[in-house]
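# Summary of the model geometry
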Amino acid sequence: MGEDEEERRRRAAERAEAADYHVAADQRRRERESVRAQVLVDEFVTRATEAGFPTEELTARPWSGRGRYRTGVRGWYLRRDESIGIGTDGSYYVLVVPPERFGRWRTVAIAPTPPPLQVGAGGRDGESATLAALIALRLDWGSDPDA
């Protein structure tokens, strides 16, 4: 019985080591993608600024979808549903946040996230798009995304 227990512990340790390796590899892949995506975001900020696209305060929506929270961040919405924003400083924001008490009356702090190359990966059908495609669409909208 002692050898069986030792063998189980050895296999468990091997599985944990393999899992750690895969998590670290996935993190490195996401970081490499984020560096490439940040170049696209910086290019968008430059082109939007040169084209004179007006900025606005980005608002975040709680998970429930009811109401909007002021964020104090100025920039442009990347999607028409206003779930993704790019700040004037080149920061990438996911604008769907946990509900916050009194969020409708106060400014809610949001943190920039590393931009992905594939926006909405793992989401429902039609919600996933490449960052390059979303930026191209946003540039095509021009200065008035509601038009």
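Residues numbered from 1 in each chain as written. Predicted model: local features only at pLDDT ≥ 70, side-chain atom pairs only at ≥ 80, totals over all residues. Heavy atoms only, no water.

Looking only at helices and strands, the chain has 2 helices and 7 strands in total. For the chain, the N- to C-terminal ordering of α and β elements is α-β-β-β-β-β-β-β-α. Here the chain, with 147 residues, has 31% of them falling under the buried criterion. Summed over its atoms, the accessible surface of the chain is roughly 9,800 Å², and 51% of this surface lies on carbon and sulfur atoms. (Helix = DSSP H or I, 4+ residues; strand = E, 2+ residues; numbered from the N terminus. Buried < 20%, exposed > 50% of the residue type's maximum accessible area, 1.4 Å probe, protein only. Areas by Shrake-Rupley, 256 points an atom, 1.4 Å probe, with all protein chains shown as cover.)

Turning next to the pattern of salt bridges. The tally for this structure, following the rule as stated, stands at 9 salt bridges. Here arginine 10 makes a salt bridge to glutamate 14, at a shortest N to O gap of 2.4 Å. Of this pair, arginine 10 and glutamate 14 both sit in helix 1 (residues 2-51), separated by 4 residues, roughly a single helical turn. For the salt bridge of arginine 29 with glutamate 33, the shortest nitrogen-to-oxygen distance reads 3.1 Å. Pair noted here: arginine 29 and glutamate 33 are both in helix 1, with a separation of 4 residues, about one helical turn. With a relative accessible area of 35%, arginine 29 lands in the partly exposed category. Looking at glutamate 33, the relative accessible area reads 23%, which means it is partly exposed. The network of salt bridges with shared partners includes Glu7, Arg10, Arg11 and Glu14. (Salt bridge = Lys/Arg side-chain N within 4 Å of Asp/Glu carboxyl O.)

Before going further, it helps to spend a moment on the pairing of strand 1 (residues 56-62). With 5 of its 7 residues buried, strand 1 lies for the most part within the structure. Bridge count between strand 1 and strand 2 (residues 69-77): 4 bridges; the pairing is antiparallel. Bridge assignment links glutamate 57 to a residue of strand 2, and that residue is arginine 74. Two successive antiparallel strands, strand 1 and strand 2, enclose a turn made up of 6 residues, where glycine 65 displays a positive phi of approximately 85 degrees. As paired elements, strand 1 and strand 5 (residues 96-97) share 2 bridges and run parallel to each other. Within strand 5, the residue paired with arginine 61 across the bridge is valine 96. (Pairing = 2+ DSSP bridges.)

Turning to the side chain of arginine 61, a few remarks are in order. Within the fold, arginine 61 resides in strand 1. The contact partners of arginine 61, leaving out residues within four places of it in the chain, are Gly67, Arg68, Asp81, Ser83, Leu95, Val96 and Val97. (Contact = heavy atoms within 4.5 Å.)

Attention now moves to helix 2 (residues 131-141). Buried within helix 2 are the following residues: Leu131, Leu134, Ile135, Arg138, Leu139 and Trp141. Buried residues of helix 2 fall within an arc of 155 degrees about the axis and therefore sit on the same side. Just beyond helix 2, the residue with positive phi is glycine 142, at close to 85 degrees. (Arc of directions from axis to C-beta.)

Across the chain, the average pLDDT comes to 84, with 90% of residues at 70 or higher. Across the chain, element-level confidence peaks in strand 3 (residues 84-87) with a mean pLDDT of 93 and bottoms out in strand 7 (residues 129-130) with 82. (pLDDT = per-residue confidence, 0-100.)

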